[in-house]
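A look at the structure
The lines below spell out each chain.
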Amino acid sequence: MTTSDFTGFVLLQQAGEYLCVGGPDLVLQPVLAESWKSNDLGTVWTFKLRKGVKFHSGGEMKADDVAASIDRLADPASSSNALSVFKGILQKGATRKVDDYTVEFHLDTPNGNFPYMLSSDNYNAIILPASYKGDYEKSFDGTGPFKLEKYTPKVGASFVRNENYWGLMALPERTEFTFFNDEQSQILALQGGQVDMMNAVSPLAGIVLLNDPNFNIISAKTSAHNQFHMRCDSDAFKDPRVRRAIALCLDRDKLVAGLHKGRASLGNDSPFAPIYPSTDASVPQRKQDIAQAKQLMEAAGAGKGFKVTLTTERYIDIPEYAQLIQNWVKEIGIDLDLNLLDQGRYYGDAVFGKSNWLDSVMGITDYAHRGVPNVLLAAPLKSDGTWNAAHFKNRDYDALVSSYIAALDLEAQKASAGKIQNLLLEETPVIFGYFSDLLVPTAKGVTGVQPTAMGQLFLDKASKA
């Protein structure tokens, strides 16, 4: 699986299933796995699999299928986004069958949150038959409550109820998905009665739906956010005082109240969102302070300001966010040019040297929700992180993250979290201005829709009056 967008998440999960799924309270719920436990060190995790689960193509799901599925994702040659999760944690060949219904995962290092790496958080981790050879779009083979009826790229897809499902039979006999080019087209289709729901809407574009009694809005707090990075190895941003100065220009209260119509939480320049139990809430919240920002610019020898380009994607509210930043940093003498690209051009090949995202001096990137902060701490911020667009390299940070990830209890995680939060406030390679709420609009009379903060939509209990 190499999908990396919300549409892909939703379609994958109609037909396929994960070992476990993240609930609205961030607690994992068993699905294809019935239970899991670690050894005393957190280096080996053992999963017990559900019996009697059948693939759409026939054959029972067993340990060989799980091992093959996870090995594919952990293979460096696979080009899957799941490598951002598994790199340095789980290697190809480290997923081992114990018996037909037991699998062991032998980790490179201790990891107290490892089950989240195998859940819906790791959106590509659908379990497929061991015999899978590619061309997933032709079959959408899986174990889920719906089976593929038809898939047409860039047009849509339809699914029918899986009559041989291992769990409770899905209520809908059939579900249909239509693809749109932009958010506004989706809103118009919902208003016109052509569709019954959207998989998500931004507060800015969806303001017409938020207070309309003809629609219900399913909402949830998430850790989804837009990371605003500054390249720490560039002349403009080598000095952390300049990076802190820019962070102090942002009016975060206005970002939440204005850009998000109150449907977001304040960010404090680390991946530790307010929803995480391990977040240290005693760390002071950064607020707008232009006077202090100017002092930092002077101290860094940049009092006269400079010109720089912010490169980002045309996606949801990011262009408006970029324009707000452009106006705010003028107050400390920074002349910010905006380079807005479509998502394909922005991400490029998503590897260093071939990506506007990873190579830009300054950029804003959308990040999906995660039930634990592990991936968000490692991939974009560790020295060897696969998504380290800030080119941030700090040994103390790397050691603290390793300590957090290895912790097996909440108190130990909190102890490391506070140190990480304070270090990132000091260094500020990335600005986390806000964490967005998930907003799923449905037509009145539609019930039983269960979204995840990651962007999946469970429709097996959905019905329409």
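To be clear, the structure that these remarks concern was listed above.
Residues numbered from 1 in each chain as written. Predicted model: local features only at pLDDT ≥ 70, side-chain atom pairs only at ≥ 80, totals over all residues. Heavy atoms only, no water.

Looking at the pairing of strand E4 (residues 44–49)
Note the threshold: Only protein chains enter the accessibility calculation, which uses a 1.4 Å probe; a residue whose area is less than 20% of its type maximum is buried, one above 50% is exposed, and one in between is partly exposed. Starting at the N terminus, helices and strands are each numbered in turn, a helix being any DSSP run of H or I of at least four residues and a strand any DSSP run of E of at least two. Note: two strands are recorded as paired if DSSP finds a minimum of 2 bridges between them.
The buried fraction of E4 amounts to five of the six residues, a majority that puts the element mostly inside the structure. Across five bridges, strand E3 (residues 33–38) lies against E4 in antiparallel orientation. When the sheet's bridge partners are listed, Lys37 is paired in E4 with Thr46. Between E3 and E4, which pair antiparallel in sequence order, lie five residues; one of them, Gly42, sits at a positive phi of approximately 75 degrees. Pairing of E4 with strand E6 (residues 102–106), which is carried by five bridges, proceeds in the antiparallel orientation. Pairing of Trp45 across the sheet is with Phe105, part of E6.

Some words on the pattern of salt bridges
Counted only if it meets this: By convention in these notes, a salt bridge is any Lys or Arg side-chain nitrogen within 4 Å of a carboxyl oxygen on Asp or Glu.
Enumeration according to the criterion identifies 20 salt bridges in this entry. Between Lys221 and Asp437 there is a salt bridge; the shortest N-O distance is 3.2 Å. Within this pair, whereas Lys221 is found in the loop between strand E10 (215–220) and strand E11 (225–230), its partner Asp437 is found in the loop between strand E16 (430–436) and strand E17 (438–443), the two being separated by 216 residues in sequence. Owing to a relative accessible area of 40%, Lys221 belongs among the partly exposed residues under this scheme. Judged by relative accessible area, Asp437 falls into the buried class, the value being 13%. Ionic pairing is found between Arg286 and Asp269, a salt bridge with its closest N-O pair at 2.8 Å. A residue pair is termed long-range when its members are at least 10 positions apart, and Arg286 in the loop between strand E12 (264–266) and helix H9 (290–299) and Asp269 in the loop between E12 and H9 qualify at 17 residues. The residues Arg286 and Asp269 share a single accessibility class, namely buried. One salt-bridge network, in which partners are shared between bridges, spans Lys62, Asp64, Lys97 and Asp100.

Focus on the sheet that holds strand E8 (residues 156–161)
Put simply, the rule is: Here an angle of 0 to 180 degrees is reported between the N-to-C directions of two axes, which are lines fitted to C-alpha atoms, with helices fitted over the stretch in contact.
Read across the open sheet, the three strands follow the order E7-E8-E9; overall the sheet is antiparallel. Of all the strands in the sheet, just strand E7 (146–152) and strand E9 (174–178) have a single pairing partner and so form its edges. Neighbour to neighbour, the strand axes of the sheet diverge by 15 degrees on average, direction disregarded. With six bridges connecting them, E7 and E8 associate as antiparallel partners.

Points about H9
Under the convention used in this document: Here the arc refers to the directions that run from the helix axis out to each C-beta atom. Between two residues, a contact is recorded if the distance between any of their heavy atoms is within 4.5 Å.
Here H9 has its buried residues at Ile290, Ala293, Leu296 and Met297. Seen along its axis, H9 keeps its buried residues to an arc of 115 degrees; they face one direction. Relative to its buried face, H9 has exposed residues pointing more than 90 degrees away, namely Gln295 and Glu298. Check the buried side of H9 and you find it contacts helix H7 (240–247), strand E13 (306–313) and strand E14 (334–341).

Quick notes on the nonpolar core
Filter applied, for reference: Put simply, a nonpolar core is a bunch of buried Ala, Val, Leu, Ile, Met, Phe, Trp, Tyr and Cys residues held in one set by side-chain atoms that sit within 4.5 Å of each other.
In terms of nonpolar packing, the biggest core is built from 94 residues, with Leu19, Phe86, Phe105 and Phe114 touching the most fellow members. Dropping the residues within four chain positions of it, Phe114 is found in contact with Trp45, Phe86, Ile89, Leu90, Phe105 and Leu107. Core analysis: the next-biggest nonpolar cluster, separate from the first, contains 34 residues, Ile246, Ala293, Met297 and Ile332 among them.

Regarding the packing of H7 against helix H15 (residues 410–427)
So the rule is basically this: Roughly parallel covers angles under 35 degrees, roughly antiparallel covers those over 145, roughly perpendicular covers 65 to 115, and oblique covers all other angles.
Where H7 contacts H15, the two axes come as close as 7 Å, and the packing angle between them is 100 degrees. Considering the angle they form, H7 stands roughly perpendicular to H15. Of the residues in H15, those touching H7 at Pro240, Arg243 and Arg244 are Leu425, Glu426 and Glu427.

Observations concerning the packing of aromatic side chains
What counts here: The criterion for an aromatic pair is that two Phe, Tyr or Trp rings (for Trp, the six-membered ring) have centres within 6.5 Å, with stacked assigned to planes under 30 degrees apart, edge-to-face to planes over 60 apart and tilted to the rest.
Summed over all chains, the structure comprises 19 aromatic pairs. Centroid distance Tyr165 to Trp166: 5.1 Å. Interplanar angle 45 degrees. Geometry classified as tilted. Using a relative accessible area of 14% as the deciding quantity, one classes Tyr165 as buried. Its relative accessible area of 27% is what places Trp166 among the partly exposed residues. Residues Phe432 and Phe435 carry aromatic rings whose centres are separated by 6.4 Å and whose planes lie at 25 degrees to one another, so their mutual orientation is stacked. Take Phe432: its relative accessible area is 1%, and that puts it in the buried class.

Side note on unusual backbone geometry
Glycine aside, a negative phi is what most residues show, and trans is what most peptide bonds show. Residue Asp135 is not a glycine yet carries a positive backbone phi of 60 degrees. Here Asp135 lies in the loop between E6 and helix H4 (136–139). In this model, His391 sits at a positive phi of 50 degrees, which is unusual for a non-glycine residue. In this fold, His391 is placed in the loop between helix H13 (374–378) and helix H14 (395–406).

Considerations on the pairing of E16
Most of E16 is tucked away, with seven of its seven residues classed as buried. In terms of strand pairing, E11 meets E16 through four bridges, oriented antiparallel. Residue pairing for E16: Phe228 is matched across the bridge by Ile431. Two elements, E12 and E16, share three bridges in a ladder whose sense is antiparallel. Bridge assignment links Ser265 to a residue of E16, and that residue is Phe435.

Re the packing of H7 against H9
Rules: Crossing handedness is read from the near helix: turned anticlockwise from the far helix by less than a right angle, it gives a left-handed crossing, and turned clockwise, a right-handed one. Each residue gets one label: Ala, Val, Leu, Ile, Met, Phe, Trp, Tyr, Cys and Pro are nonpolar, Asp, Glu, Lys and Arg are charged, and the others, such as Gly, are polar.
Between H7 and H9, the least distance of the axes is 8 Å, while the angle of their chain directions is 160 degrees. Taken as axis vectors, H7 and H9 run roughly antiparallel relative to one another. Crossing of H7 against H9: the hand is left-handed. Note on element contacts: H9 touches H7 through Ala293, Leu296, Met297 and Ala299, opposite Arg241, Val242, Arg244 and Ala245. When the residues that make up the contact of H7 with H9 are grouped by side-chain class, the tally is six nonpolar, no polar and two charged.

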